[in-house]
Amino acid sequence: MKANNRMLFRIALRNVARHKRRTAITAIVLTVGIGVFIMFQSLLAGMDRVTIDTAIDYDSGSISLRSKDYEAHATSQPLEYGLQDSESIMAGLGVLLPAGSTWTPRTRFYVQVSNWTDETPALAFVVRPDTDEKVFKTAQKVEGGGWGVATEAVIGTDLARDLNVKLGDSIVITAALPNGSLNAIELTVGGIADLPLFSLSQQAIYMTAQDAEALIGAPAPVTEIDIRIPPASRLDALVAEADEAASRIEKGDSGIAAVSIGEAMRDYLAMRNMKSKFAYIVIVIVLLISSVGIFNTILMSMYSRIREIGVLAAYGLEPRQIKRLFSLEGMIIGIIGSVGGILLGAVFVWWLTSQGLSFGGMFGSLDLGNLPKDLFIRGEWNPATFAQGFLFGVLVSWLASLMPARKASGIEVTEALRFV
Amino acid sequence: MAEVVLALKNVTKVYGKGEGEVTALHHVSLAFEQGEFAAVVGPSGSGKTTLLNIIGCLDSPTEGELAWKGVQMKSMNKTELAAYRRTHVSFVFQSYNLIPVLTVTENVELPLLIEGNHDRPQIRERARAIIAMVGLSDKAGRFPTELSGGQEQRVAIARALVKNPSIVLADEPTANLDSHTASEIIELMGEINRKTNTTFLFSTHDPRIMELAHRVITLRDGQIESDERRAP
């Protein structure tokens, strides 16, 4: 016959409640550790979200279609490898993409830009305003009226500053043509775009198809079709959906390289996994510290109750049941600390999601690579992180209590009853 | 003649080894019948507690045999001995040893719960009846820290009786009590013995308490000096 587990639970619970201060101190360490872990993960998820969203909104969309030849020479952004028959490709996208997806053609190629005195390399984008604004948010960042206006160019804030040009100034754009010759046109700075990505703010020049045709002496080839799929609540879901859609597109046309946001941000996402591992290392360290506290608490509890153990054993409680009694105490402390941890974590995450955290002042004009300028992060709710924090806390508490529990179960009854 | 519930045959208990070796019991043979109210007396170090521990299956003899209702204990392992204690033996301790986080009722229910009884209403009813028997119905919801020493020992007696054991072993149950309360406790145990025919074996130093026993076993240096029976 087995002893009543409810009885063991009741004794364990009351002993934990009886030593309030000891329990509170042990549980607080656990609470803070789990709370910080949840906050850290929320912050990382928020950073991922803002990074990926910025790349989608301003650079490549959720999926970017290019010719395989262009993709093979992507570092030089060559004009000669444009997409063949881009109109028919775009006409067929509707059935391959989730409902609500939008797309736009773009031409991306390297140019030199000059203010008549100094010259610097830049990245030219030929945009079709009517469809571009359905995919990208670039137009929303333009100061001045030059977006989509012939003979006018929109340039990034940092590029304007480097060239020392302002709205209405003229610039000269020179392009190397596929036949090896150079051609140039003069455009007016019709708009300056305060773009959140350093790479674009320092290099981007947006021009119309007519101006591009004048520059290269022929209609500008479409070098990429950028697609925006509807947003998902979870970043992982968005990346997965983009991967699936890209795969469907590639299966339908062997000449197209469909680069999903997950693939485009592969290096960043790899770094993100490393950051996530760092968060796990943090919680492991905190939980190790907590486990020492729990170990000590259960050991103290055991030593203060040796005679009680003797009485229970004298009345027939078996060693494994005594072990269970003390393990339960450890787990109860773990549950209290873990519940506290997820509540504290919820407060942190609520604050991060409602108020956000600005890192703009911290980094100034430092180039943060994929991270946007004026980095402002809003936390993300992730139930899995809360569940992980809770389970880690309870598991570690249980493990930490095992050794003292085993020690309690091994005490000789007669010695325990003699203990003063 | 009443049934022999417990028999010790040539029981010897030795603690330690080599020069530190101490013989606590030396060739002790005893038999107890159902319903006995017996005292084990003797000076400190005479082997009283060791005898009670061996009878209660808390400790095992170095030599000799212990039989409960004809069942030999020698071959049993710790778990089997624990199972035997759950069913047949109860203890009353000098320091009461109540579980401080449990109320009087919960302390009394404890042996039934350890036994694995899951019938909550039956457990509660049985505990209430025993608590009433020891005169503590009005304290049923109190915690041990809220009771006097005498009241705590009454609860310990109720805890010992709740599972209808074959024998109650009490190691100096009155040592921490004043003489008046000590007499009350022994009288209570005697009354329960008469009413329920439960066997009681207690160790004591107190000559007034010895007088209430129906049988007095005197130990000296681990050996039986005398085994005197008196009319109840």
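This write-up is about the structure you can find in this document. Given the structure is predicted, the values throughout are model-derived calculations rather than measurements.

### Re the overall build of chain B
- The secondary structure content of chain B amounts to seven helices and ten strands.
- In terms of overall size, chain B behaves like a compact globule, its C-alpha atoms giving a radius of gyration of 18 Å where 232 residues would be expected to give roughly 17 Å.
- Taken along its principal axes, the extent of the C-alpha atoms in chain B is 50 × 40 × 40 Å.
- Within chain B, the fraction of its 232 residues that count as buried is 56%.
- Summed over its atoms, the accessible surface of chain B is roughly 9,800 Å², and 48% of this surface lies on carbon and sulfur atoms.
- Taking the 25 positively charged and 29 negatively charged side chains of chain B as two groups, their mean positions are separated by 4 Å.

### Observations concerning the environment of A:Asp169
Residue and element names in this part refer to chain A.
- Here Asp169 lies in the loop between helix H6 (157-163) and strand S6 (170-176).
- The exposure class assigned to Asp169 is partly exposed, which follows from its relative accessible area of 22%.
- Expressed as a C-alpha distance, the spacing of Asp169 and Leu187, which sit 18 residues apart in the sequence, is 8.6 Å.
- Contacts of Asp169, omitting those with residues within four sequence positions, involve Asn164, Leu187, Thr188 and Val189.

### Describing the side chain of A:Ser409
Residues and elements named next belong to chain A.
- Relative to the helices and strands, Ser409 is located in helix H15 (residues 383-409).
- A polar contact is formed between the side chain of Ser409 and the backbone oxygen of Arg406, at a distance of 2.7 Å.
- Residues contacting Ser409, with those up to four places away along its chain left out, are Pro319, Ile322 and Lys323.

### Structural notes on the pattern of salt bridges
- Enumeration according to the criterion identifies 25 salt bridges over all chains in this entry.
- When the shortest N-O distance is used, the salt bridge between A:Lys166 and A:Asp169 registers 3.7 Å.
- Residue A:Lys166 is classed as exposed on the basis of its relative accessible area, which comes to 55%.
- Here B:Arg229 and B:Glu36 are joined by a salt bridge, their closest N and O atoms 3.3 Å apart. Note that B:Arg229 is positioned in strand S10 (residues 223-229) and B:Glu36 in the loop between strand S2 (22-33) and strand S3 (37-41), a separation of 193 residues in sequence.
- Residue class for B:Glu36 comes out buried when judged on its relative accessible area of 9%.

Criteria and thresholds
- Residues numbered from 1 in each chain as written.
- Chains lettered and ligands numbered in written order.
- Predicted model: local features only at pLDDT ≥ 70, side-chain atom pairs only at ≥ 80, totals over all residues.
- Heavy atoms only, no water.
- Helix = DSSP H or I, 4+ residues; strand = E, 2+ residues; numbered from the N terminus.
- Rg over C-alpha atoms; globule rule 2.2 N^0.38 Å.
- Buried < 20%, exposed > 50% of the residue type's maximum accessible area, 1.4 Å probe, protein only.
- Areas by Shrake-Rupley, 256 points an atom, 1.4 Å probe, with all protein chains shown as cover.
- Lys, Arg positive; Asp, Glu negative; His and termini not counted.
- Charge placed at Lys NZ, Arg CZ, Asp CG, Glu CD.
- Contact = heavy atoms within 4.5 Å.
- Polar contact = N/O pair within 3.5 Å; in protein donor to acceptor, adjacent residues only side chain to side chain.
- Salt bridge = Lys/Arg side-chain N within 4 Å of Asp/Glu carboxyl O.

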